[in-house]
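This is what each chain is made of:
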Amino acid sequence: MFRSYAQGGVISATLSNIFLHEVDRQWRRSDGVARGNVRLVYYADDMVLLARTEAEARAA
């Protein structure tokens, strides 16, 4: 049975942080520096990509 959880609930932020931690880990080089000019910022269950141009954002 599939159970849906309300957005903003505790499980939503928890699952999002688990997923975004892995995204962040892959976003960085082995020395911890972000790849390219696009930055990944996340807090709780929100994520933002910061880029200088639309082309950089699309490439990311």
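A brief look at the structure comes next. (Residues numbered from 1 in each chain as written. Predicted model: local features only at pLDDT ≥ 70, side-chain atom pairs only at ≥ 80, totals over all residues. Heavy atoms only, no water.)

## Comments concerning the overall build of the protein
Regarding its fold elements, the protein presents two helices and two strands. Beginning at the N terminus, the succession of helices and strands in the protein can be written as α-β-β-α. Looking at the protein as a whole, 12% of its 60 residues are labelled buried. Counting only contacts in the protein whose residues sit at least 6 apart along the sequence, the fraction spanning at least 24 positions is 26%. (Helix = DSSP H or I, 4+ residues; strand = E, 2+ residues; numbered from the N terminus. Buried < 20%, exposed > 50% of the residue type's maximum accessible area, 1.4 Å probe, protein only. Contact = heavy atoms within 4.5 Å.)

## Some points on helix H1 (residues 10–27)
With 18 residues, H1 should reach 26 Å at 1.5 Å per residue; the first-to-last C-alpha distance of 25 Å fits that figure. For H1, the complete set of buried residues consists of Ser16, Leu20, Asp24 and Trp27. Relative to the axis of H1, the buried residues are bounded by an arc of 70 degrees and lie together on one face. Among the exposed residues of H1, those oriented more than 90 degrees off its buried face are Val10, Ile18 and Phe19. Elements that come into contact with the buried residues of H1 comprise strand E1 (39–43) and strand E2 (46–50). (Expected span 1.5 Å × (residues − 1). Arc of directions from axis to C-beta.)

## Side note on the pattern of salt bridges
Going through the model one piece at a time under the given rule, you end up with two salt bridges. With its nearest N and O atoms 2.6 Å apart, the salt bridge here joins Arg25 to Glu22. Of the two residues, Arg25 and Glu22 are both situated in helix H1; the distance of three residues between them amounts to about one turn of the helix. Accessibility expressed as a relative area gives 49% for Arg25, which makes it partly exposed. With a shortest N-O distance of 2.8 Å, Arg58 and Glu54 are connected by a salt bridge. (Salt bridge = Lys/Arg side-chain N within 4 Å of Asp/Glu carboxyl O.)

## Regarding a nonpolar patch on the surface
Where nonpolar side chains cluster on the molecular surface, the patch consists of Ile11, Leu15 and Ile18 and spans about 280 Å² of accessible area. Mapping Leu15 onto the fold places it in helix H1. (Patch = residues over 30% accessible without salt bridge, like charges linked within 9 Å, V, L, I, M, F, W, Y side chains within 5 Å. Areas by Shrake-Rupley, 256 points an atom, 1.4 Å probe, with all protein chains shown as cover.)

## Description of the environment of Gly36
On the secondary structure map, Gly36 appears in the loop between H1 and E1. Between the alpha carbons of Gly36 and Glu56 there is a distance of 8.8 Å; along the sequence they are 20 residues apart.

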